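# Tertiary structure, described
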Amino acid sequence: VQLQASGGGLVQAGGSLRLSCAASGRTFSNYVMGWFRQAPGKEREFVAAVSWSGSSTYYADSVKGRFTISRDNAKNTVYLQMNNLKPEDTAVYYCAASTRAGLKLARVYEYDYWGQGTLVTVSS
């Protein structure tokens, strides 16, 4: 499956952005979808995941209550709504697809396909 992330940009602290990730190539609804991020000089870290149906979600503690992951299987798209952004949210955000069962997939190696990343910069 091919993944194309978009929606990044520059926003002030306290602002909002919505990232999108469009999938193509295989049956989108077969995959658990996740978002990760990587700040300069740091390892890639888990942000959020959503189940095949979209009915279940899982978040990193650092974004819980501020970010919302969702998916539209009819549009082959997964979203990440980010509210109350903080400077520490600045990173390249990546979407990813996993063929594994379960939802709490928070490790890079648990995902099989990756998008190219979109940069989010939060100014203070």
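Presented here is a report on the structure given in the accompanying data block.

Rules behind the numbers
- Residues numbered from 1 in each chain as written.
- Predicted model: local features only at pLDDT ≥ 70, side-chain atom pairs only at ≥ 80, totals over all residues.
- Heavy atoms only, no water.
- Helix = DSSP H or I, 4+ residues; strand = E, 2+ residues; numbered from the N terminus.
- Buried < 20%, exposed > 50% of the residue type's maximum accessible area, 1.4 Å probe, protein only.
- Contact = heavy atoms within 4.5 Å.
- Areas by Shrake-Rupley, 256 points an atom, 1.4 Å probe, with all protein chains shown as cover.
- Lys, Arg positive; Asp, Glu negative; His and termini not counted.
- Charge placed at Lys NZ, Arg CZ, Asp CG, Glu CD.
- Phe/Tyr/Trp six-rings, centres within 6.5 Å; stacked < 30°, edge-to-face > 60°.
- Pairing = 2+ DSSP bridges.
- Axes fitted to C-alpha atoms, helices over the stretch in contact; angles between N-to-C directions.
- Core = buried A, V, L, I, M, F, W, Y, C linked by side-chain atoms within 4.5 Å.
- Disulfide = S-S within 2.5 Å.

## Let's talk about the overall build of the protein chain
When helices and strands are tallied, the protein chain shows zero helices and 11 strands. Viewed in the frame of its principal axes, the protein chain has a C-alpha envelope of about 40 × 25 × 25 Å. Out of the 124 residues belonging to the protein chain, those deemed buried represent 45%. Within the protein chain, residue pairs in contact and separated by at least 24 positions form 58% of the contacts whose partners lie at least 6 positions apart. By element, 46% of the accessible surface of the protein chain is carried by carbon and sulfur atoms, the whole surface being about 6200 Å². Counting 13 positive and 8 negative side-chain charges, the protein chain places the averaged centre of each group 4 Å from the other.

## Section: the packing of aromatic side chains
Any two aromatic rings considered together are summarised by their centre-to-centre distance and by the angle between their planes. Applying the stated criterion across every chain, the model contains six aromatic pairs. Judged by centre distance (5.9 Å) and plane angle (90 degrees), the ring pair of Y31 and Y113 falls under edge-to-face. With a gap of 82 residues between them, Y31 in the loop between β3 (17-24) and β4 (32-38) and Y113 in strand β10 (residues 113-114) connect regions that are remote in the sequence. Relative accessible area serves as the criterion here: at 25%, Y113 is assigned to the partly exposed category. Here the aromatic residues F36, F46, Y58, Y111 and W114 are joined through ring pairs into a cluster of three or more.

## Observations regarding the side chain of R37
Structurally, the position occupied by R37 is in strand β4. With a relative accessible area of 6%, R37 lands in the buried category. Discounting residues that sit within four places of it in the chain, R37 has contacts with E43, R44, E45, V47, S62, V63, F67, E88, D89, A91, V92 and Y93.

## Side note on the sheet that holds strand β8 (residues 77-82)
The four strands are arranged β1-β3-β8-β7 in an open sheet whose pairing can be described as antiparallel. Lying at the two open borders of the sheet, with one neighbouring strand each, are β1 (2-6) and β7 (67-72). Within the sheet, the average angular offset between the axes of one strand and its neighbour, ignoring direction, is 15 degrees.

## Description of the nonpolar core
Ranked by size, the top nonpolar core spans 40 residues in total, and within it M33, W35, L80, M82 and Y93 carry the most contacts. Broken down by secondary-structure element, the contributors of at least two residues to this core are β1, β3, β4, β5 (45-50), β7, β8, β9 (91-98) and β11 (118-123).

## Concerning the state of the cysteines
In the structure shown here, the tally under the stated rule is one disulfide. Here C21 pairs with C95 through a disulfide, and the sulfurs are 2.1 Å apart. Linking C21 and C95, the disulfide has an S-S dihedral of approximately 60 degrees and is accordingly described as right-handed. In this pair, C21 sits in strand β3 while C95 sits in strand β9, placing the two residues 74 residues apart along the sequence. Comparing C21 with C95 shows no difference in burial state: the two are buried.

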